[in-house]
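# Descriptive analysis of the structure
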Amino acid sequence: MHIEKIEYGPEKEGLWSQVAFTLIILLTFAAMGITGLIFWKILSSDAQVASTRQFMEEIGKLFAYLLFDLAAIIYLYVKGLLQDEYVTTLE
């Protein structure tokens, strides 16, 4: 199987691509805030507080929120902004 030609689909235009771009920007700022909060909590906590179960649960929740945020950014990029590709193959 050989790839003969790769044709790129039409540029993403319209309301959905503008909404996706805006949401990506907002979610990126949210990810920056969550990451800063994680670092702040880790660096500013005492050793006794940082070794408690409650502290680990809080940090774990923040990592889960960050992971969800990054997954939403990737989804919006792929569905809203990335061009569709069409690959023609000949044998």
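Quick summary incoming for the structure in this document.

Scoring rules and cut-offs
Residues numbered from 1 in each chain as written. Predicted model: local features only at pLDDT ≥ 70, side-chain atom pairs only at ≥ 80, totals over all residues. Heavy atoms only, no water. Helix = DSSP H or I, 4+ residues; strand = E, 2+ residues; numbered from the N terminus. Buried < 20%, exposed > 50% of the residue type's maximum accessible area, 1.4 Å probe, protein only. Contact = heavy atoms within 4.5 Å. Areas by Shrake-Rupley, 256 points an atom, 1.4 Å probe, with all protein chains shown as cover. Lys, Arg positive; Asp, Glu negative; His and termini not counted. Salt bridge = Lys/Arg side-chain N within 4 Å of Asp/Glu carboxyl O.

Turning our attention to the overall build of the protein chain. Scanning the protein chain from terminus to terminus reveals three helices and two strands. Starting at the N terminus and ending at the C terminus, the protein chain contains elements arranged as β-α-α-α-β. Residue burial in the protein chain is summarised as follows: out of 91 residues, 16% are buried. Residue pairs at least 24 apart in sequence account for 86% of intrachain contacts in the protein chain once pairs closer than 6 positions are excluded. Of the roughly 7300 Å² that the protein chain leaves accessible, carbon and sulfur atoms contribute 66%.

Another point: the side chain of Asp69. Summarising the element assignment, Asp69 is placed in helix H3 (residues 53-81). Here Asp69 is buried and forms no salt bridge, its nearest opposite-charge partner Lys41 lying at an N-O distance of 17 Å.

Further remarks concern the pattern of salt bridges. A full pass over the atoms with the stated rule returns two salt bridges. Put simply, Lys41 and Glu58 hold a salt bridge, and the shortest N to O gap is 3.3 Å. Residue Lys41 is located in helix H1 (residues 15-44), and its partner Glu58 is located in helix H3; the two are separated by 17 residues in the primary sequence. Residue classification places Lys41 among the partly exposed positions, given a relative accessible area of 26%.

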